[in-house]
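The residues making up each chain are set out below.
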Amino acid sequence: MTTLKELDHLRDGINLRALGQKDPLSEWQRESYDMFGSLMDTINKEYVQYVMHVQVTEQPERPTLRPQRLDYTAPADPGESTGAPRPAVGAAAASAAASPSAPTSAGPAVAEADEPQAAQAPVVRTEWGEDAAQRTVPVRERQEVQAVPRGQLSTVLDFTPRLEALRGRLGEAAEYLRVTQLEARRPQLETELARPDLWDDAAGAQALQREFAELNDDLELYGSMEARIDDVGTLAELAREEGDESLEPEIAGELESLEADFANLELRALFTGEYDDLDAIVEINSGAGGVDAQDWAEMLLRMYIRWAERRGFDVELDSVNEGTEAGISSAEFIMKGRNAYGWLRSEHGVHRLVRISPFDNNARRQTSFTSVKVTPLFDDVDDVDIDDKDLRIDVYRSSGAGGQHVNVTDSAVRITHLPTGIVTSCQNERSQHQNKDRAMTMLKAKLLELERQRQQEKVDSITGEASAVDFGSQDRNYVLQPYQQVKDLRSGVELSNPDEVLDGDLDALMEAYLRWNRARSIAD
């Protein structure tokens, strides 16, 4: 009774009764009950979802316990003659709040709530997962659980379409790489390379080694791509089953890398020409434009050498004729590398340069032209018969940076084929005989290419195509002034970075030409 009196006096002191405020004890009880119930609901829901792999379906929100109305009609203290009604507080009030209808030692101190909600103990329900054993799931009253298959709650991105597309591209790669034929050819090459007399024919041995290296590169590349697709597919499946979203960046990055590698690999399908896999003989000759044309020819020579360095190709510079004031009047070199002719045949034609001439005192814009001729270098040209009477062979002293034999003996050789006017020369070998053999090989290759062009002209004349349509016109424009642009007039591709192109970045132009040429051949 002493405690009740103290609380009553305290309530009177803060004027709660006069202001009609709610009972603090009842409010504290209601708020703590709601907070505890919400916490238990959250714990149960997360436990069911992430541990038991079942989904919780909530029923309509359970009614909250409304504020209770207090009846201050407690009996008077026996020690007092008269007294004001006392509310039930303390333990009695707490018990009354939990069970409003139950009487207490202090009497019926608390009236019934509008919608009383008794605290219920958790119940246990059993649910069945689709691929799991029977589980017991603790849930609160008014909750239902629904069994769902494992992994249904996962929000990991579905990479299946991209993986299927990559597997399709891998099947196409097996076709144009001829994987089946390469696997059958590899044991044969291994046997031939193991012969003790292999190096009796040095040229044949080098050809076999080159073929074996290219074959191994193709098979290893195909096997690597196949293994990477399998690995990323397994990782994506594991992430989806476990619902692990943290693996998404790794999977997406590997898929992007594979797609880029396939784009580069599919370029090999564009090398469908008969001689695309051979080395190439490249001739550069300055045309109209005087000194600017000769300087332009030297710029093109530098561009192709830089491009070869980027791709790891070898360049054998056979002859260079200096210009009158600057640059070069002509140059001839051999480009060696895989599909060298296939890449460089896009450069065959007339190249036009527009720029402010560095040789013009008035700084006027000048146009100059240079022709580039690309011929496949045939390994076996013995079928070409050349009459010695049709040849004029000149020897002269080599020009170069110097050395034991350069500028000392007349070792350089120039061969002129009189019926066709084709001229070949070589000066980079140590002896005159070696230079002559190299010049004859190049002459035979050019004669074979000339014969092929004649056959093509006959076909064009039959189909009605005029062989002189493109004669004398440029195939590619390089504009440095008044704007920056490189445009190939055959494929139609345009680039706005001529400085990078002249520094050897030719892949985009070459690839566009290959795609254009393939589309044209399919259309024909």
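Bear in mind the structure is a predicted one, so any value in this text is a computation, not a measurement.

Chemist: How should I be thinking about the overall build of the protein in this particular structure?
Modeler: When you go through the protein residue by residue, the secondary structure sums to 13 helices and 15 strands. Evaluated residue by residue, the protein yields a buried proportion of 36% over its 524 residues. Excluding contacts between residues fewer than 6 apart, the proportion of contacts in the protein whose partners are at least 24 apart in sequence is 63%. In the structure as shown, the protein presents an accessible area of about 30100 Å², 49% of it carried by carbon and sulfur atoms.

Chemist: Where do I start with the pairing of strand β11 (residues 412-417) in this structure?
Modeler: In terms of burial, β11 is largely enclosed, as five of its six residues are buried. For strand β10 (residues 391-396) and β11, the ladder comprises six bridges, and the chain directions are antiparallel. Within β11, the position partnered with Ile393 by the bridge is Ile415. Of the strand pairs in this sheet, β11 and strand β12 (residues 422-426) are connected by five bridges, and their pairing is antiparallel. The residue bridging His417 from the neighbouring strand is Ile422, located in β12. Turn length for the β11-β12 hairpin, with the two strands adjacent in sequence and antiparallel, is four residues, and the turn residue Gly421 shows positive phi of about 80°.

Chemist: How do you make sense of helix α7 (residues 202-242) when you look at a structure like this?
Modeler: Over its 41 residues, α7 extends 60 Å from the first C-alpha to the last, a length consistent with the 60 Å expected when each residue adds 1.5 Å. A positive backbone phi angle near 70° is found at Gly243, which sits one or two residues after α7.

Chemist: Please explain the packing of helix α5 (residues 160-176) against helix α8 (residues 248-265) as it appears in this structure.
Modeler: Any two packed helices are characterised by how steeply their axes cross, that is the angle between the axes, and by the distance between the axes. Between α5 and α8, the shortest axis-to-axis distance is 11 Å and the interhelical angle comes to 25°. What the angle tells us is that α5 and α8 run roughly parallel. Between α5 and α8 lies a crossing whose hand is left-handed. Only Ala252, Leu255, Glu256, Leu258, Glu259, Phe262, Ala263 and Leu265 of α8 make contact with α5, whose side of the interface consists of Arg162, Leu163, Leu166, Arg169, Leu170, Ala173 and Tyr176. The residue makeup of the contact of α5 with α8, split by class, is eleven nonpolar, no polar and four charged.

Chemist: Help me out: how do you make sense of the side chain of Asn435 in this one?
Modeler: Within the secondary structure, Asn435 sits in helix α11 (residues 432-463). With relative accessibility at 0%, the residue Asn435 sits in the buried group. Aside from chain neighbours lying at most four places away, what touches Asn435 is Ser411, Ala412, Val413, Cys426, Gln427, Asn428 and Glu429.

Chemist: Looking at this model, I keep getting lost on the packing of aromatic side chains. Mind explaining?
Modeler: Two aromatic rings are characterised by how far apart their centres lie and by the angle between their planes. Tallied over the entire structure, the rule returns five aromatic pairs. Aromatic side chains Phe271 and Trp343 sit 5.1 Å apart centroid to centroid with 65° between the ring planes, which places their arrangement in the edge-to-face category. Placement of the pair is Phe271 in the loop between α8 and β5 (279-286) and Trp343 in helix α10 (residues 340-344), with a sequence separation of 72 residues. Like Trp343, Phe271 is buried. Taking the centre distance of 5.5 Å and the plane angle of 45° together, the rings of Tyr513 and Trp516 count as tilted. With a gap of three residues between them, Tyr513 and Trp516 both fall in helix α13 (residues 507-523), about one helical turn apart.

Chemist: Would you mind showing me how to read unusual backbone geometry here?
Modeler: Peptide bonds are trans in most cases, and residues, glycine excluded, mostly fall at negative phi. Cis geometry is adopted by the peptide bond preceding Pro482, which originates at Gln481 and carries an omega value of 5°. Mapped onto the elements, Pro482 comes out in the loop between β13 (476-479) and β14 (485-488). Here Ala363, not a glycine, exhibits a phi torsion of approximately 55°, which is positive. The residue Ala363 is located in the loop between β8 (349-356) and β9 (365-377) in this model. For Ala363, a relative accessible area of 47% gives the class partly exposed.

Chemist: Mind showing me how you'd approach the sheet that holds β12 here?
Modeler: By way of backbone hydrogen bonds, the strands of a sheet pair with one another, either parallel or antiparallel. With respect to topology, three strands assemble into an open sheet ordered β10-β11-β12, the strand pairing being antiparallel. The outermost strands of the open sheet, each flanked by one partner alone, are β10 and β12. This sheet shows a mean twist of 15° between the axes of neighbouring strands, independent of strand direction.

Calculation notes
- Residues numbered from 1 in each chain as written.
- Predicted model: local features only at pLDDT ≥ 70, side-chain atom pairs only at ≥ 80, totals over all residues.
- Heavy atoms only, no water.
- Helix = DSSP H or I, 4+ residues; strand = E, 2+ residues; numbered from the N terminus.
- Buried < 20%, exposed > 50% of the residue type's maximum accessible area, 1.4 Å probe, protein only.
- Contact = heavy atoms within 4.5 Å.
- Areas by Shrake-Rupley, 256 points an atom, 1.4 Å probe, with all protein chains shown as cover.
- Pairing = 2+ DSSP bridges.
- Expected span 1.5 Å × (residues − 1).
- Axes fitted to C-alpha atoms, helices over the stretch in contact; angles between N-to-C directions.
- Parallel < 35°, antiparallel > 145°, perpendicular 65-115°, else oblique.
- Left-handed = near helix turned anticlockwise from the far one by under 90°.
- Nonpolar A, V, L, I, M, F, W, Y, C, P; charged D, E, K, R; others polar.
- Phe/Tyr/Trp six-rings, centres within 6.5 Å; stacked < 30°, edge-to-face > 60°.

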